[in-house]
Every structure is written in structure tokens, then in C-alpha cells.
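# Understanding the architecture of this molecule
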Amino acid sequence: MPEDIAELIELARTGSVRAAGRLLSLVESSRRAQVLTELEPVPVRVIGLTGPPGVGKSTTVAALVTGYRARGLRVAVLAVDPSSPYSGGALLGDRIRMAAHIGDPGVLIRSVAARGHLGGLAAAVPAAIRLLGALGYDVILVETVGVGQSEIEIAAVADPAVVILNPGAGDAIQAAKAGLLEVADILVVNKADRDGAEQTARELHLETGLPILQLIAARGTGIEALFDAIDAHHRADSAARGAARARAQILSLAQSRLRAHPGLDELATAVATGRDDAYSAAELLLAAAVDQDR
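This write-up is about the structure you can find in this document. (Residues numbered from 1 in each chain as written. Predicted model: local features only at pLDDT ≥ 70, side-chain atom pairs only at ≥ 80, totals over all residues. Heavy atoms only, no water.)

## Examining the overall build of the protein
For the record, the criterion: The helix count covers DSSP runs of H or I at least four residues long, the strand count covers runs of E at least two residues long, and both are numbered beginning at the N terminus. Burial here depends on accessible area, computed with a 1.4 Å probe over protein chains only, as a share of the maximum for the residue type. Under 20% is buried, over 50% is exposed, and the range in between is partly exposed.
Secondary structure summary: the protein contains 14 helices and 7 strands in total. The buried share of the protein, reckoned over its 294 residues, is 47%.

## Brief notes about the packing of helix α1 (residues 5–13) against helix α2 (residues 17–27)
The line we're drawing: Axis angles are defined between N-to-C directions and span 0 to 180 degrees, where every axis is a line fitted to C-alpha atoms and, for a helix, only to the segment in contact. Any angle between 65 and 115 degrees counts as roughly perpendicular, while under 35 counts as roughly parallel, over 145 as roughly antiparallel, and the rest as oblique. Handedness of each helix crossing follows the sense of rotation of the near helix against the far helix: counterclockwise by less than a right angle gives left-handed, clockwise gives right-handed. Whether two residues are in contact is decided by their heavy atoms, any of which lying within 4.5 Å being enough. Charged residues are taken to be Asp, Glu, Lys and Arg, nonpolar residues to be Ala, Val, Leu, Ile, Met, Phe, Trp, Tyr, Cys and Pro, and polar residues to be all remaining types, Gly included.
For the pair α1 and α2, interaxial distance at closest approach is 8 Å and the crossing angle is 135°. For the element pair α1 / α2, the angle class is oblique. The way α1 lies across α2 gives a crossing that is left-handed. Two secondary-structure elements touch here, α1 through I5, L8, I9, L11 and A12 and α2 through A19, A20, R22, L23 and L26. Per-class residue counts for the contact of α1 with α2 are 9 nonpolar, no polar and 1 charged.

## Concerning the pairing of strand β5 (residues 161–165)
Test applied: By the convention used here, strands pair only if DSSP detects at least 2 bridges between them.
β5 sits mainly inside the fold: 5 of its 5 residues count as buried. Where burial is concerned, the two faces of β5 agree: the one with A161, V163 and L165 and the one with V162 and I164 are both buried. Of the pairings in the sheet, the one linking strand β1 (residues 45–50) to β5 comprises 3 bridges and is parallel in character. Paired with G48 across the bridge in β5 is A161. For β5 and strand β6 (residues 186–189), the ladder comprises 4 bridges, and the chain directions are parallel. Counterpart to V163 in the pairing with β6 is L187.

## Considering unusual backbone geometry
The step from D159 to P160 runs through a cis peptide bond, and the omega angle for that step is 10°. In this fold, P160 is placed in the loop between α7 (149–157) and β5. The phi dihedral of K191 falls on the positive side, at around 55°, and the residue is not glycine. Relative to the elements of secondary structure, K191 occurs in the loop between β6 and α10 (197–208). Residue classification places K191 among the partly exposed residues on the basis of a relative accessible area of 22%.

This is the structure in C-alpha cells:
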């Protein structure tokens, strides 16, 4: 496999999944800027899917991949694991559920493990999205594992953000505590054949004012309604909403850079011991970050 970035891009555009995988590894490393400078920004549809563990996110993603491939679109799946430094574990279940798509040159499935990547989740995902758009993928599905800050960050890059829950109060309460209901564009109650699905949908509608879709992803029931909701949301997008997402991405990336700055620990010690105050330390940290980029 060549290491020349331009050659890798050309191979990936002609269908080499290995070349695309290598480029994704590069944008998760210190060579990210080298790759991104070779790419022209290309508009691409990004759909985020999140929710508590066990709600059927991967099954829903697999059903969406099937639908988009039937429409003749190239699809990339980014399965985000914010805790693991390895790329294999997070994707194991997805590969089982998406067995029908393994070997399809029009589908790329990739795990993104934020820990150990340059800049973490906030930096790794937007870079991967920009790369995949430039490589000719039409739709990118971003699935997050669990509930936490990563889910909130996903809302900054995805339009729409689809939050999936199961019948019963537990997942809804967990999602509300995590702030997921606030960032949801589309709410889905999966496993809608279970008791309590109708009640959960009603309660979520009263809580959020959003229409609630009911889905049985394992059977494909309700998937067309989800496609319709995603398409309707995409058509309703505006320049103001796009700017809001871009603003959130910029702030997330900036915060990620500041958290990783080598001078942060020293400044924190100075504030903790009373040698400095938090306001002055914040100014010093910002100034140090600017100097580092010069």
C-alpha cells in the first residue's frame, strides 16, 4: 500500500477500501493536516444515530445502509467508541449485524476510537467526514456507543441527529439526563412490538414536542418512515442551522485542543495552590495555544 497521500486518495476514489482505511488512519494521526490539505470540501449528508446501549442502533444502521444502497448511494458507517484505544472491539457487533454489506465496494464500515487519537472524538470525526465526502461517499452514518459527551458532540456534525430509545421509562430518563433529548432532531422508539411502546412515544412527544417514530429495526418495520423523516429534515435545513453546527464544531475542536495543551497541568497547579487565579490562567492558556500555532 503506497504512503503517497495523493496516490492513496486516487486509489480510494476508484473503490479501494484498503486505501480509504489507510487515509482514515492518517487523519486520526499527526498526519491529519497533510491529508486534509489535499482535499476539496465536498457537501455530504451526515446522519447521527445515538442512544443508550442495547436500543438497536447498529440494527437500525444496518437497515438504513440497505435502504441507501438500494437507492444507489455509496454509504460510509463510522462507529464511534469514545473509550477504547482500539478499533476492533467497537465494530465487532456492527460487523455481525452488517454481514450482508461486508464485501460491498459501495459500503465502508469503520470504527473510530477517540481515545489515543489526535484531538479525540471532536477532531477525529469531522476529519473523517471531510475525507469520506471527498472520496465520493454520498451518505455517512455516525453511530455512537453509549451515552455521554460524545453523543452531544455528534449533534454538531450530524444533520439530523437521530436518538433511539426502547420502550419503558429507563432509557428516556437516561437520555434526558445526558442531554440527548435536547439535541435530538428525530426521536425513535425501537422494538415497538414490546409492551409500553405507545406510552413511551406519547410521553416523549409531550416532553419534546417532536413527532416520535416507532420502529422494529430487526424486521425493517418503520424504516421507510425513518427515511422520510430524515429526508424531510434535510430539505428543511437552513444556512443558519448549518452555521450553528459549524460554530459548535469549531468550539468543540478548540476545547479539545486546550484540554490537550501541555501547559494546562502547570496552570492548574498554580491556580490550585493560590499562585494564580483561574481568569489569568485561562488567558495564559489561550495565549500559549495561539503561540503554539505560530
